Amino acid sequence: MVPVTSTLVNAPLLRLAVEPSAHNGLRALSQVVVDKLTSVRRERIGAVIGALEPDTLIRVNRALALWLDAQRAVDLWDAAQAIKTEVQRIKPLRVA
């Protein structure tokens, strides 16, 4: 689940503004909080209040791809740092 909040933060790549409409059921200007992905058990999900418009879903999809790719890069860097000393001890092979 990608949370939605009416507490606005200036982070345009990770907090996407959504205007209230009859379609989405929001009552105030809100933001989709891309950097706070949350898992929710199916039985905890209540009735549908509304849905995001297709153009907003495309923006959310792009922002999620950016966020997840950035997170993957951080994870790879952390993993590389964890084995850095072991990698430095590897001696190159000499080719005859």
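Remember, predicted model here, so these are calculated numbers, not experimental data. (Residues numbered from 1 in each chain as written. Predicted model: local features only at pLDDT ≥ 70, side-chain atom pairs only at ≥ 80, totals over all residues. Heavy atoms only, no water.)

Peer 1: So what exactly am I meant to see when it comes to the nonpolar core here?
Peer 2: One recurring pattern in soluble globular proteins: nonpolar side chains tend to sit buried together. Leu16, Val18, Val32, Val34, Val60, Ala63 and Leu64 form the largest nonpolar core, which has 7 residues in total. Contributing elements (two or more residues each) for this core: strand 2 (15–18) and helix 1 (54–82). Considering every element that reaches this core, the biggest residue donor is helix 1, with 3 residues. Beyond its immediate sequence surroundings of up to four residues, Ala63 is in contact with Leu13, Leu16 and Val34. (Core = buried A, V, L, I, M, F, W, Y, C linked by side-chain atoms within 4.5 Å. Buried < 20%, exposed > 50% of the residue type's maximum accessible area, 1.4 Å probe, protein only. Helix = DSSP H or I, 4+ residues; strand = E, 2+ residues; numbered from the N terminus. Contact = heavy atoms within 4.5 Å.)

Peer 1: In this structure, what is going on with the pattern of salt bridges? I would like to understand it.
Peer 2: Close approach of charged atoms lets side chains of opposite charge pair. Evaluated as defined, the whole model comprises 3 salt bridges. The residue Arg15 makes a salt bridge to Asp35 at a minimum N-O spacing of 3.0 Å. Of this pair, Arg15 sits in strand 2 while Asp35 sits in the loop between strand 3 (30–33) and helix 1, and the two are 20 residues apart along the sequence. Under the relative-accessibility criterion, Arg15 is labelled buried at 15%. Across the pair Arg72 and Asp69 runs a salt bridge whose closest N-O atoms are separated by 2.7 Å. Taken together, the residues Arg72 and Asp69, both in helix 1 and 3 residues apart, mark about one turn of the helix. (Salt bridge = Lys/Arg side-chain N within 4 Å of Asp/Glu carboxyl O.)

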